[in-house]
Amino acid sequence: MEVEMRYSKLFVPTLREVPAEAEIESHKLMIRAGLIRRFASGIYNFLPLGYKVFRNIENIIREEMDKQDGQELHMSALIPAEVLKESGRWDVFGPEMFKLRDRSNREFCLGPTHEESFTVSIRNEVRSYKALPQILYQIQTKFRDEIRPRFGVMRSREFIMKDAYSFDADEHGLDVSYKKMHDAYCAIFDRCGLDYTVVQADSGAMGGSGSEEFMVKSAVGEAAIAYCNSCGYAANDEKAQCVEPRTEIVSTKSIEKVKTPDIGTIDDLCNFFGCQPALFAKTLIYKADDEVVAAVVRGDRELNETKLTNLLGCVELEMADAETVMKVTGAQVGFAGPVGLKIKTIADLEVKHMADFITGANETDYHYSNVNLSDCNIEVFWDIRNIVEGDKCPVCGEPVKIDRGIEVGHIFKLGTKYSEALGCRFLDENGKEKPMIMGSYGIGVARTMAAVIEQNCDEKGIIWPLGVAPYKVIVIPVNTSKEEQMEMAERIYKNLLSLGLEVLLDDRNERAGVKFNDADLIGIPVRITVGKRASEGFVEYKLRKDEESQDIAEADIMSRIADDIGMS
RNA sequence: CGGGAUGUAGCGCAGUUUGGUAGCGCACCUGGUUUGGGACCAGGGGGCCGCAGGUUCGAAUCCUGUCAUCCCGACCA
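Residues numbered from 1 in each chain as written. Chains lettered and ligands numbered in written order. Predicted model: local features only at pLDDT ≥ 70, side-chain atom pairs only at ≥ 80, totals over all residues. Heavy atoms only, no water.

Enquirer: Lay out the sheet that holds strand E20 (residues 380-382) in plain terms, naming residues and giving numbers.
Expert: Taken in spatial order, the 5 strands make up an open sheet running E16-E14-E15-E17-E20, and their pairing is mixed. The open sheet has two free edges, formed respectively by strand E16 (317-319) and E20, since each of these has just one partner strand. Taken over all neighbouring pairs, the strand axes of this sheet differ in orientation by 35° on average, direction set aside. Direction of pairing for strand E17 (residues 345-348) relative to E20: parallel, over a ladder of 3 bridges. Looking at the pairing, Asp348 lines up with Trp382 of E20. (Pairing = 2+ DSSP bridges. Helix = DSSP H or I, 4+ residues; strand = E, 2+ residues; numbered from the N terminus. Axes fitted to C-alpha atoms, helices over the stretch in contact; angles between N-to-C directions.)

Enquirer: I'd like a description of the domain arrangement of chain A, backed by residues and values.
Expert: For chain A, the domain assignment lists domain 1 (25-240 + 402-453), domain 2 (256-382) and domain 3 (471-565). Computed from C-alpha atoms alone, the centre-to-centre distance between domain 2 and domain 3 is 67 Å. (Domains from an automatic or database assignment.)

Enquirer: Provide a residue-level description of empty space enclosed by the protein, including the pertinent values.
Expert: For the structure shown, the criterion picks out 1 cavity of 30 Å³ or more. Residue lining of the largest cavity: Ala519, Asp520, Ile524, Arg527, Lys542 and Arg544, and that is the complete set. Tallied by class, the residues present in the lining of the largest cavity amount to 2 nonpolar, no polar and 4 charged. (1 Å grid on protein atoms, 1.4 Å probe; cavity = no way out; pocket = protein on both sides within 12 Å on 5 of 7 lines; lining within 4 Å. Points joined across faces, edges and corners; volume = space filled by probe spheres on them. Nonpolar A, V, L, I, M, F, W, Y, C, P; charged D, E, K, R; others polar.)

Enquirer: An account of the packing of aromatic side chains is needed here, citing residue identities and associated values.
Expert: Remark: the centre distance and the inter-plane angle together describe each pair of aromatic rings, the angle taken between the planes. Applying the stated rule across the entire model yields 12 aromatic pairs. Relative to Phe214, the ring of Tyr185 has its centre 5.3 Å away and its plane inclined at 55°; by these criteria the two rings are tilted. With Tyr185 in helix H6 (residues 171-191) and Phe214 in strand E10 (residues 210-217), the pair connects residues that are 29 residues apart, well separated along the chain. Neither Tyr185 nor Phe214 differs from the other in exposure class; each is buried. Look at Phe272 and Phe273: their rings are 5.1 Å apart centre to centre, the planes differ by 75°, and that puts the pair in the edge-to-face class. We classify Phe272 as partly exposed; its relative accessible area is 38%. Ring pairs connect the aromatic residues Tyr185, Phe189, Tyr196 and Phe214, which therefore count as one cluster. The positively charged end of Lys257 is found above the aromatic ring belonging to Tyr366, 5.2 Å away from the centroid. Cation over ring: Arg533 sits above Phe538, and NZ or CZ is 4.3 Å from the ring centre. (Phe/Tyr/Trp six-rings, centres within 6.5 Å; stacked < 30°, edge-to-face > 60°. Buried < 20%, exposed > 50% of the residue type's maximum accessible area, 1.4 Å probe, protein only. Lys NZ or Arg CZ within 6 Å of the ring centre and 35° of its normal.)

Enquirer: A description of H6 should follow, citing residues and the corresponding values.
Expert: Taking 1.5 Å per residue, 21 residues should reach 30 Å; H6 reaches 30 Å between its end C-alpha atoms and fits that length. Buried within H6 we find Gly173, Leu174, Ser177, Tyr178, Met181, His182, Ala184, Tyr185, Cys186, Ile188 and Phe189. Downstream of H6 by a residue or two, Gly193 has a phi angle that is positive, lying close to 75°. (Expected span 1.5 Å × (residues − 1).)

Enquirer: Explain the protein's contact with RNA strand B residue by residue, including any values.
Expert: Close contacts around RNA strand B come from 48 residues, with Glu146, Arg148, Arg155, Asp520 and Glu540 the closest. The sugar-phosphate share of atoms of RNA strand B within 4 Å of the protein amounts to 46%. Val408 places a polar main-chain atom, nitrogen or oxygen, 3.2 Å from a sugar or linking oxygen of RNA strand B. In the model, a base oxygen of RNA strand B is placed 3.3 Å from a nitrogen or oxygen of the Lys532 main chain. For the surface near RNA strand B, the secondary-structure elements that each account for two or more residues are strand E8 (158-168), strand E21 (401-415), helix H13 (512-522) and strand E29 (526-530). Broken down by element, the residue count for the surface near RNA strand B peaks at 7 residues, all from H13. Broken down by class, the residue content of the surface near RNA strand B amounts to 15 nonpolar, 12 polar and 21 charged. (Near = heavy atom within 4 Å. Polar contact = N/O pair within 3.5 Å; in protein donor to acceptor, adjacent residues only side chain to side chain.)

Below is the structure:
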């Protein structure tokens, strides 16, 4: 029995006006089209139309995961503290994790991710190499008390993620599982109608040996990606490697102390010395866990904290406060420099090729000019800056471009980080006990939905790709008081329904303009308008993505639809 | 947490400077006329003016506090 889908009965509260809370197009449209409503800061409810789309995306994910031997299961959202304490992440997550206690004061959290849950479950059940590999996944609500929720469903505090975990007996097995997930992700995002790039990423807090992100190209993306059109290299800004310059050092002068009263910023210094920021070496003081270190980059560069964190192998990295800076450099903020500094000092590779440059003198209101490396106390030279547009591609040397992207998926080779911490071991064919080799693979489902809208919309509304559209066809009788039109519309609607298509009949007694505007706003791919020419047996047929419509005979509707939406 | 802003009807806003009966547009309800790109006429419902305290004869408006939301920076699917 078919489900009736009459607009007059649906709960689809569309809005004519743009809600003040929304900043980006997808967020505005999701609210205007009646897909979601805000419930609290960073917390959204899905309304029927939004949930239909959501389930379509979920099902695409399920199908493609299953094709690659993924097995769906469901873990509790509530996680007992012990498992996270065992892996050491109870403290790592810090205030970002929603923590709570039960009536007998036992600690829990609302899962921000589920590595521990999966690893613990597997370790309790799998003991033999014969039972490997396994790829398990779930589509589950995650909770992260984000410092700053943003852009609606794009970055929320409660969000639904498809997360998968692979367990293998060796590195080769991990490579196979990882490739499977990579392929599944490509298939998923293709079917969602997304234009995306796969970029190399830092494996960061998750740990492990390698990772890639699936980035949907978008100006509103929160991540920057560097890519090379010549060789295809692509990496996010945390990871993108900056190559060491080849310039010869030509030093002609010797160090000189200069009084620079109240001139602490690079801008001020440029004015004072009358030169470019590239002639300065700026020194930033950081607290890396318990150690205070100095990081030196060229004056016009940005320090890449991820690269520095990885180099230092620390957990937390933050800029030192004014007091610490004073203690360590002996000067106020703005006058630090690598000359005579007592703490561990790391300089960017670029600095290695600078000559006769300017730095702080570690004395308030003084700088050194004509500084050279021999004057400095630098322990390590390393790539610690952010890549910028036009930098040399680390692979082929051509200039790279920088774009923005929405991170919709992330795949990691975790290795043995969790299996070792949680004792998830198996016996290999020689009877030797080994930790399993793991991978983890995430997709932000609602974020994917927002990304689809971001890439598929116009000034009138959403243009759903067929694969995710909540309804494939909308039938609009122009004038509900004309029996002839209503009868024809009903007939077409029922015929399409009987084919198993998701069809919406706009039976509301509204003016044509209202119905057209709503149909455009909610983005139904195919529109069939039953109007004046109903008496001649004609309807107007229009695709949402096209400008033009055309009149076709009622009898030809089925074949047109079959062509356009690829049914058999 | 730092910087900026805003809380008035379901939504979008005015009113706050200079205290004096709480307004506009959209949406909603009733009746009628309409019906191919967000109709028209007539009538109507809906407000702890974010919350608490204070000043005052009188507070949406002034003062103090508090909460919430949004935007800009560090976290990440």
